[in-house]
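# Summary of the model geometry
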Amino acid sequence: MGDGGWTTYFATYFTTAERNLEQYILGRLWDDKRHRLHNTFAGASFVPNKAATTVEALLLWARMRDSNAILEEYVAPTLDAIVAAQVHAPGQRRTAPLSRQ
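Description of the structure in this document. None of these values were measured; they are calculated from a predicted model.

### Considerations on a nonpolar patch on the surface
There is a patch of nonpolar side chains on the surface, built from Trp 6, Tyr 9, Phe 10, Tyr 13 and Met 64 and spanning about 650 Å² of accessible area. Looking at the secondary structure, you find Tyr 13 in helix α1 (residues 6-29). The exposure class assigned to Tyr 13 is exposed, which follows from its relative accessible area of 52%.

### A word on the environment of Met 64
By the secondary structure assignment, Met 64 is in helix α2 (residues 48-65). Taking the C-alpha atoms as reference points, Met 64 and Phe 14, 50 residues apart in sequence, are found 9.2 Å from one another. Ignoring any residue separated from it by four or fewer positions in sequence, one finds Met 64 in contact with Phe 10 and Phe 14.

### With respect to the packing of α2 against helix α3 (residues 68-85)
Close contact between α2 and α3 brings their axes to 10 Å; oriented N to C, the two are set at 155°. Between α2 and α3, the angle is such that the two are roughly antiparallel. When the axes of α2 and α3 are compared, the crossing they make is left-handed. Here Pro 48, Ala 51, Ala 52, Val 55, Leu 58, Leu 59, Trp 61 and Ala 62 of α2 come into contact with α3, specifically with Ile 70, Leu 71, Tyr 74, Val 75, Thr 78, Leu 79, Ile 82 and Ala 85.

### Details of the packing of α1 against α2
The geometry of α1 relative to α2 is characterised by a closest axis approach of 11 Å and an angle of 125° between their N-to-C directions. The orientation of α1 with respect to α2, classified from their angle, is oblique. Seen from above, α1 lies across α2 with left-handed handedness. Side by side, α1 and α2 meet where Phe 10, Phe 14, Glu 18, Leu 21, Glu 22, Ile 25 and Leu 26 of the first sit next to Thr 54, Ala 57, Leu 58, Trp 61, Met 64 and Arg 65 of the second.

### Side note on unusual backbone geometry
Look at His 35: it is not a glycine, yet its phi comes out positive at around 55°. Tracing the backbone shows His 35 in the loop between β1 (30-31) and β2 (36-37). A relative accessible area of 44% means that His 35 is categorised as partly exposed. Even without a glycine there, the phi angle at Asp 66 is positive, about 50°. On the basis of relative accessibility, which here comes to 72%, the residue Asp 66 falls in the exposed class.

Each value, and the rule that gives it
- Residues numbered from 1 in each chain as written.
- Predicted model: local features only at pLDDT ≥ 70, side-chain atom pairs only at ≥ 80, totals over all residues.
- Heavy atoms only, no water.
- Patch = residues over 30% accessible without salt bridge, like charges linked within 9 Å, V, L, I, M, F, W, Y side chains within 5 Å.
- Areas by Shrake-Rupley, 256 points an atom, 1.4 Å probe, with all protein chains shown as cover.
- Salt bridge = Lys/Arg side-chain N within 4 Å of Asp/Glu carboxyl O.
- Helix = DSSP H or I, 4+ residues; strand = E, 2+ residues; numbered from the N terminus.
- Buried < 20%, exposed > 50% of the residue type's maximum accessible area, 1.4 Å probe, protein only.
- Contact = heavy atoms within 4.5 Å.
- Axes fitted to C-alpha atoms, helices over the stretch in contact; angles between N-to-C directions.
- Parallel < 35°, antiparallel > 145°, perpendicular 65-115°, else oblique.
- Left-handed = near helix turned anticlockwise from the far one by under 90°.

This is the structure we're talking about:
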C-alpha cells in the first residue's frame with residue numbers, strides 16, 4: 001500500500017466526521033424554520049462563536065464533497081445569522097443578512 005495505513009485511517013475519520021455533521025449538527029441542531037444552528041438540541045439559543053466553529057467544519061466538508069448545496073443550505077444562512085448578531089454600535093445590530101444585500 002505504501003501509505004502506512006493513512007488512507008484507511010483518513011477514510012474512517014472522514015466517515016465518522018461526516019456522520020456527526022449529518023446526524024448531530026444538521027440532524028439535531030439545525031433549525032429549518034430559522035435557517036440557523038441552535039446551541040443545543042434542547043434549546044433555541046444561537047451562539048455566534050460556536051456557529052462559526054461549525055461553519056469551519058461545514059466548509060471543509062463541502063470542499064471534501066465538492067458540494068455547493070452544503071454552502072447554500074447551511075453555511076450562507078449561518079454566516080448571515082452570525083453577522084446579524086454582530087453589534088455595530090451600542091444597541092444597534094445589522095438588520096439585513098449580508099448574502100442578500
